[in-house]
Amino acid sequence: MGESFAKKERNKNKAKKKEQKAQKLMDRKQSGTKSSFEDMIAYVDEYGNLTDQPVNAVRTEIKLEDIQLGAAKLEVEVREYEGVLASYDPLKGYGFITESVSGNKIFVHRSSFLDPIKENDLLVFEQEKGPRGYSAVQVRKK
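Residues numbered from 1 in each chain as written. Predicted model: local features only at pLDDT ≥ 70, side-chain atom pairs only at ≥ 80, totals over all residues. Heavy atoms only, no water.

Kindly report on the pairing of strand E7 (residues 133-141), identifying the contributing residues and their values.
Strand direction decides the pairing type here: strand E5 (residues 105-109) and E7, joined by 2 bridges, are parallel. Bridged to phenylalanine 107 within E7 is serine 135. Connecting strand E6 (residues 122-130) to the antiparallel partner E7 that follows it, the hairpin turn spans 2 residues. (Pairing = 2+ DSSP bridges. Helix = DSSP H or I, 4+ residues; strand = E, 2+ residues; numbered from the N terminus.)

Account for a nonpolar patch on the surface, naming residues and giving values.
Residues Ile62, Leu64, Ile67 and Leu69 make up a contiguous nonpolar surface patch of roughly 510 Å² in combined accessible area. Examined against the element boundaries, isoleucine 62 turns out to sit in the loop between strand E2 (50-51) and strand E3 (80-89). On the basis of relative accessibility, which here comes to 62%, the residue isoleucine 62 falls in the exposed class. (Patch = residues over 30% accessible without salt bridge, like charges linked within 9 Å, V, L, I, M, F, W, Y side chains within 5 Å. Areas by Shrake-Rupley, 256 points an atom, 1.4 Å probe, with all protein chains shown as cover. Salt bridge = Lys/Arg side-chain N within 4 Å of Asp/Glu carboxyl O. Buried < 20%, exposed > 50% of the residue type's maximum accessible area, 1.4 Å probe, protein only.)

An account of the environment of phenylalanine 107 is needed here, citing residue identities and associated values.
Position of phenylalanine 107 among the secondary structure elements: in strand E5. Its relative accessible area of 31% is what places phenylalanine 107 among the partly exposed residues. Between the C-alpha atoms of phenylalanine 107 and leucine 91, which are 16 residues apart in sequence, the distance is 16 Å. Discounting chain neighbours no more than four positions away, the residues touching phenylalanine 107 are Tyr94, Gly95, Phe96, Tyr134, Ser135 and Ala136. (Contact = heavy atoms within 4.5 Å.)

I'd like a description of the sheet that holds E7, backed by residues and values.
Reading around the barrel, the 5 strands line up as E3-E4-E5-E7-E6 and close back on themselves, with mixed pairing between neighbours. Taking each pair of neighbouring strands and ignoring which way they run, the sheet shows an average axis angle of 50 degrees. Across 5 bridges, the pairing between E3 and E6 is antiparallel. Bridge assignment links valine 84 to a residue of E6, and that residue is leucine 122. (Axes fitted to C-alpha atoms, helices over the stretch in contact; angles between N-to-C directions.)

So, the nonpolar core: which residues are in play, and what are the values?
Counting residues in hydrophobic clusters, the biggest one holds 12 residues: Tyr81, Leu85, Tyr88, Ile97, Ile106, Val108, Phe113, Ile117, Leu123, Phe125, Ala136 and Val139. Listed by contribution, the elements that provide at least two residues to this core are E3, E5, E6 and E7. A per-element tally of this core places E3 first, with 3 residues. (Core = buried A, V, L, I, M, F, W, Y, C linked by side-chain atoms within 4.5 Å.)

Break down unusual backbone geometry for me, citing the residues and quoting the values.
Despite not being glycine, asparagine 120 has its phi angle at roughly 70 degrees, a positive value. Mapped onto the elements, asparagine 120 comes out in the loop between E5 and E6. Residue glutamine 138 is not a glycine yet carries a positive backbone phi of 50 degrees.

I'd like to hear about the packing of aromatic side chains, residue by residue, with values.
The description of two aromatic rings rests on the distance between their centres and on the angle between their planes. One pass over the full model with this rule turns up 4 aromatic pairs. Following the ring pairs from residue to residue traces out a cluster consisting of Tyr94, Phe96 and Phe107. (Phe/Tyr/Trp six-rings, centres within 6.5 Å; stacked < 30°, edge-to-face > 60°.)

Give me the lowdown on the side chain of aspartate 121, citing residues and values where you can.
Positionally, aspartate 121 belongs in the loop between E5 and E6. For aspartate 121, the side chain forms a polar contact with the main-chain nitrogen of lysine 118, separated by 2.9 Å. Setting aside its immediate chain neighbours within four residues, aspartate 121 contacts Gly83, Val84, Leu85 and Lys141. (Polar contact = N/O pair within 3.5 Å; in protein donor to acceptor, adjacent residues only side chain to side chain.)

An account of helix H1 (residues 5-31) is needed here, citing residue identities and associated values.
If you check H1, its first and last C-alpha atoms are 39 Å apart, about what 27 residues at 1.5 Å a residue would give, namely 39 Å. Among the residues trailing H1, glycine 32 stands out with phi positive, at a value near 75 degrees. (Expected span 1.5 Å × (residues − 1).)

What follows is the structure, given as structure tokens:
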């Protein structure tokens, strides 16, 4: 049984590559030039460009205080809102504030209270984006 056309082509290509590889090896041996380690070294200048010449870069001292770890802190404008504590369950420790201007209900947890607060108190607070929407923080009586 004969070989398929695809198999013949694959074998032909393998043989051709093997022959080319042997020819390259023979050419390198005949030319007699060997590349030295120094010819293979590449240098990087202060701008990140590769060169074949050694670079005499001027080093600048960096103060330890100038190094910032992590992302830059964003300057966030803190805005205070007013509202009324519409509902609050002291057993569960959370409730909702109805904002005076927009009428939106905002979640509030007892850990955000700066003063003792009860239902229908007029409050001043800041909003913070949480995983489930906005919540009130720094809540105090007006």
